[in-house]
Amino acid sequence: MTSEALIDYVKGLLGDKTKWADPEAGDNFLTVASEDWKNICQTLATDKKCSLTYLRNFTGTDYPEDDEIELTAHTFSYSEKHGLIIKTRISREAAVCDTLSKIWPAAIWYEREIFDLLGVSFNNHPDLRRILMPEDWVGHPLRKDYKQQETYRGIPTTRPA
Amino acid sequence: MTTVIRELGDEQRELVLNMGPHHPSTHGVLRFVLHTDGEVMRKAVPEIGYLHRGLEKIAESTTYPGYVPYTDRVNYLEAMFANEAFSKAIESLSDIEVPERAQYLRAIAGELNRIASHNITIGCITMDLGAITPFVHLLRERETINDLIEALCGQRVTHHYVRIGGVAYDADDNWLKQVEKFLNHFEAIIEELDNLIVYNEILVKRMADVAVITADDAVGFGLVGPNLRASGVDWDLRRDMPYGIYPKLDFDVPIGAGEKGTVGDCFDRFVVRVRELKQSCRIIRQCINNIPDGDIIGNVSRKIKPPKGEVYSCVEGARGELGVYVVSDGTEKPYRVKWRSGSFSAMSIIEHISEGLMIADLVAVIATLDVIAPETDR
Amino acid sequence: MDAMVEQGPEGSFVLGKVDDLLNLARKNSLWYMLFGTACCAIELMQTGGPRSDADRFGMVFRATPRQSDTLILAGTITYKMASRIRLLYEQMAEPKYVIAMGSCANTGGLFQESYAVVNGGDLFLPVDVYIPGCPPRSESLIEGLMLIQQKIEKEPWLKKAWTNTKNPKDPQIEGLL
């Protein structure tokens, strides 16, 4: 499907649960409420005409001024050669969301990365622990207000003059 | 971590072994925790992050052109592709036109880089499975490519050649002749490689039918590039979502056929890479014959301020889809940059496929999946 | 080496210091550990490869720390990796030398601003030679290894007590193992 046809089809499929961005530059994306997140992803992945079986990229972005973290999933279909960007927003303090690992196994590691770097936890995730930073690291580096600790295991984190 | 014997009850026990991060066959700093029953593995759990350099956070405090040198380090074996992916993202966000000659030069440099990267991969696969000679032969060829690329842009490993809007330096006719001369020499080496090592009895027995990845698993776990094609999924971004000059070029996409065993086994992943060498040579030859004269960089101002918006751009690197997701807030610096790399997803499938493999097979799996630390960790 | 060749009644002999003889042997069998963390590891591989051929200086790579004399910090060092490297260093037998290869291992280089990167190998290891470059060419690495050879040449091998006890002046890492 072309991207316009796909957008029309998804609008018909999901009804009033969708919100489209339609920006002036860059990619168009679909925003859904965080409660519907897992179900909508499940629908889009298994629907015959969408068949978005490939989770291309899954990441989060911190927006402190809105007090929200945005999760972005880039999905794609090899058979239909079309892709869709799905987003949701969750609050920064109680950063919890449903896991997508049952739908796309690739999400297991992407969610671990989001947990490590942005501090978002995922319900029912099979193996949620830090992936890139050491286990005893403090803080979530990709949050905009992150401050680095002064020493880590006796190594100074700034180079002495 | 020291070795541990874990009691599982019912007189069942398992031995927990540590492999890496310093291990000669893990290609850089990768670590595995192996749960084994004698020589057979129950599972191998990859641990990554030993080369996590925070490239995504650095982007938030760097200007767009200033970030391009950092993209070299996303994967030092295929720096051209990371340069290109990032440049392509900014070009599509702020509508920058890339001159045709620059697109040809990107393709030539990119395919040379692909050959250089595959040389290391193929050499490492054979070296990990016990044959050191092919590795040294391929390193020798890689040195020639390094010389060519150095003549083009002055760097051997981290090129910083592809810039936003074009490329940094022009190539003269003499350089193109040198590349052609290298291709004449290298195509003979590919033939030699087939006779020397590809169908070697020991190598085939170590790889055929080992760690089969089905097409469904490959798509589900997000494998890309040669790993995906080895599982029988016919997909190449250069052909199916064409960018740059690739629509004008004629080349084949080798896919796994189960030549010595099952589709998607280690041997398929190995042989797909060997076949890709020849296609890269074909692409470079066509580019050299058709390259037009003209500018090498488009009309780009020193300060790049893309409009507010976001974009995901990807290119077909040596390890498959190398993508970058850029969020712009209208200032000179990106608001968020995220790299999507082939090795990250290739690493995540290892735990799933490792059950029942021998420890020695794991070495073949790591080598043929072509996992490389900077790409998994970024 | 300043040695004298003398002619004796039953053949010729050499007069010199035992230190010099031992150091000559040590200098020409400088084994480095096959260990790279980032981009510089590619140049390290090429240095061992056919063109640069470090073998001609008696330098060969060993896969285990227990057989190697030189630790080459080839590339960016992260906090997660630093304790592993310190562990490798402590497994090496004395006398041992450390080369910081490339800007990242010298000072953190390009990634000095990063939250995850150690700003220089000398913050947790005693470094003997610093090689600049990003990454340094194989010629530079060979020069660095030759500087280690020069250092070995001058060392009073017999007088110096080579022990595995920790030097209190060395930087350390907490909570190793």
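Predicted model, so just to flag it, every value in this text is computed and none were measured.

Now for the side chain of B:Asn113. Residue and element names in this part refer to chain B. Among the secondary structure elements, Asn-113 is positioned in helix 4 (residues 100-128). From its side chain, Asn-113 meets the backbone nitrogen of Ala-79 in a polar contact 3.3 Å long. Among residues more than four places away in sequence, those in contact with Asn-113 are Leu-77, Glu-78, Ala-79, Met-80, Phe-81 and His-159.

Looking now at the interface of chain B and chain A. If you look at the interface, chain B gives 42 residues, while chain A gives 41 residues. When residues of chain B are sorted by the area they lose upon contact with chain A, B:Glu310, B:Tyr335 and B:Phe344 head the list and together hold 18% of the total. Summed over the shared surface of chain B and chain A, the result is seven salt bridges. When the shortest N-O distance is used, the salt bridge between A:Glu113 and B:Lys338 registers 3.3 Å. The element contributing the most residues to the side of chain B that touches chain A is strand 7 (residues 309-317) of chain B, with five residues. Among the residues forming the side of chain B that touches chain A, the class breakdown is 22 nonpolar, seven polar and 13 charged.

Between chain C and chain A, the contact holds 20 residues from the first and 18 residues from the second. Between chain C and chain A the total buried area reaches about 1,500 Å² when both faces are included, carbon and sulfur atoms providing 58% of it. Applying the counting criterion to the chain C and chain A interface returns zero salt bridges. At the surface where chain C touches chain A, the tally comes to three residue pairs in polar contact (both at pLDDT 80 or more). Every element with two or more residues in the side of chain C that touches chain A is listed here: helix 3 (79-91) and helix 4 (102-107) of chain C. Here the element with the most residues in the side of chain C that touches chain A is helix 3 of chain C; it accounts for four residues. For the side of chain C that touches chain A, a count of residues per class yields eight nonpolar, nine polar and three charged.

Moving on, we come to the domain arrangement of chain B. Residues and elements named next belong to chain B. If you check the domain split of chain B, you get domain 1 (4-47) and domain 2 (55-377). The centre of domain 1, based on its C-alpha atoms, is set 31 Å off from the matching centre of domain 2. Facing 18 residues of domain 1, the contacting portion of domain 2 comprises 19 residues. Taken over both partners, the interface formed by domain 1 and domain 2 buries close to 1,700 Å², and the fraction arising from carbon and sulfur atoms is 70%. Linking domain 1 with domain 2 are zero salt bridges, by the criterion used here. Of all the elements in the fold, those that place two or more residues in the side of domain 1 that touches domain 2 are strand 2 (12-19), strand 3 (31-37) and strand 4 (40-47). The element that contributes the greatest number of residues to the side of domain 1 that touches domain 2 is strand 4, accounting for seven residues. Classifying every residue of the side of domain 1 that touches domain 2 by side-chain character gives eleven nonpolar, four polar and three charged.

Turning our eyes to something else, we now look at the sheet that holds strand 3 of chain B. All names here are of chain B. An order of 1-2-3-4 is seen for the four strands of this open sheet, with the pairing classed as antiparallel. Looking at the sheet topology across the chains shown, the edges are occupied by strand 1 (4-9) and strand 4. For this sheet, the mean inter-axis angle between neighbouring strands, taken without regard to orientation, is 25°. The sheet contacts of helix 14 (residues 359-369) involve strand 2, strand 3 and strand 4, and relative to strand 3 the element is tilted by about 150°.

The next thing to look at is the packing of aromatic side chains. Residue and element names in this part refer to chain B. Evaluated as defined, the whole model comprises 21 aromatic pairs over all chains. Ring plane angle 20° and centroid distance 5.9 Å describe the contact between Tyr-67 and Tyr-70, whose orientation is recorded as stacked. You can see Tyr-67 and its partner Tyr-70 sitting in helix 2 (residues 64-72), three residues apart, about one turn around the helix. Just as Tyr-67 is buried, Tyr-70 falls in that class too. With centroids separated by 5.1 Å and ring planes inclined at 65°, the aromatic side chains of Tyr-67 and Phe-86 adopt a geometry described as edge-to-face.

Basis of the calculations
Residues numbered from 1 in each chain as written. Chains lettered and ligands numbered in written order. Predicted model: local features only at pLDDT ≥ 70, side-chain atom pairs only at ≥ 80, totals over all residues. Heavy atoms only, no water. Helix = DSSP H or I, 4+ residues; strand = E, 2+ residues; numbered from the N terminus. Polar contact = N/O pair within 3.5 Å; in protein donor to acceptor, adjacent residues only side chain to side chain. Contact = heavy atoms within 4.5 Å. Buried area = accessible area lost by both parts, 1.4 Å probe. Salt bridge = Lys/Arg side-chain N within 4 Å of Asp/Glu carboxyl O. Nonpolar A, V, L, I, M, F, W, Y, C, P; charged D, E, K, R; others polar. Domains from an automatic or database assignment. Pairing = 2+ DSSP bridges. Axes fitted to C-alpha atoms, helices over the stretch in contact; angles between N-to-C directions. Phe/Tyr/Trp six-rings, centres within 6.5 Å; stacked < 30°, edge-to-face > 60°. Buried < 20%, exposed > 50% of the residue type's maximum accessible area, 1.4 Å probe, protein only.

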